[in-house]
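For reference, the chains in residue letters:
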Amino acid sequence: MLGVPINGKCAVFCDNGSVVTNIKPESMLKKKHTAINFHQVQETIAAGTIKVSKEHRLTNLADILTKPLARPRLRELVQYILR
């Protein structure tokens with residue numbers, strides 16, 4: 001599904017709470033392109049292929065590559081990877 005072969009259930013972590021909220025069936029979306037992608041993701045979740053969860057900001061390793069971080073925070077995340 002979604003153009004990528006997946007064996008078993010795949011965990012998808014998001015750092016944006018609204019993404020996790022908007023995948024619920026009762027969510028209403030305003031933009032057409034967002035709604036199309038939304039339905040694709042909903043179908044994938046319903047099929048049991050993926051599970052979407054919120055990643056807490058303290059453990060979000062992607063911040064190393066996407067945000068300017070203070071040196072202590074950067075070291076903390078790097079140490080988390082190296083454990």
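The rules behind each value
Residues numbered from 1 in each chain as written. Predicted model: local features only at pLDDT ≥ 70, side-chain atom pairs only at ≥ 80, totals over all residues. Heavy atoms only, no water. pLDDT = per-residue confidence, 0-100. Helix = DSSP H or I, 4+ residues; strand = E, 2+ residues; numbered from the N terminus. Salt bridge = Lys/Arg side-chain N within 4 Å of Asp/Glu carboxyl O. Buried < 20%, exposed > 50% of the residue type's maximum accessible area, 1.4 Å probe, protein only. Lys, Arg positive; Asp, Glu negative; His and termini not counted. Polar contact = N/O pair within 3.5 Å; in protein donor to acceptor, adjacent residues only side chain to side chain. Contact = heavy atoms within 4.5 Å.

Novice: Would you take a moment to explain the confidence of the model for the protein chain for this structure?
Specialist: Any region with low pLDDT has predicted coordinates that should not be read closely. Residues of the protein chain with pLDDT of at least 70 account for 80%, and the chain-wide mean is 79. Mean pLDDT values for the elements of the protein chain range from 70 in helix 1 (residues 17-22) up to 91 in helix 4 (residues 71-82).

Novice: How should the pattern of salt bridges be read in this particular structure?
Specialist: Opposite charge on two side chains permits them to pair, given that their charged atoms come into close proximity. Per the stated rule, a full pass over the model turns up two salt bridges. Between D63 and K67 there is a salt bridge whose closest N-O contact spans 3.4 Å. For E76, the salt bridge is made with R73, and the minimal N-O distance between the two is 3.0 Å. On the criterion of helical spacing, the pair formed by E76 and R73 is a turn pair, its members being three residues apart in helix 4. Judged by its relative accessible area of 45%, E76 falls in the partly exposed class. Residue R73 is classed as buried on the basis of its relative accessible area, which comes to 17%.

Novice: Could you clarify how one ought to interpret the environment of A62 in this entry?
Specialist: By the element assignment, A62 lies in the loop between strand 2 (50-54) and helix 3 (63-66). Sequence separation between A62 and L77 is 15 residues, and the spatial gap between their C-alpha atoms is 9.3 Å.

Novice: For this particular structure, what's the right way to read the side chain of E55?
Specialist: You can see E55 is positioned in the loop between strand 2 and helix 3. Although E55 lies buried, it forms no salt bridge, and the closest oppositely charged side chain, R73, sits 8.3 Å away as judged by the N-O distance. There is a polar contact of 2.4 Å between the side chain of E55 and the side chain of T59. Leave out the neighbours within four places in its chain, and E55 touches F13, C14, D15 and N60.

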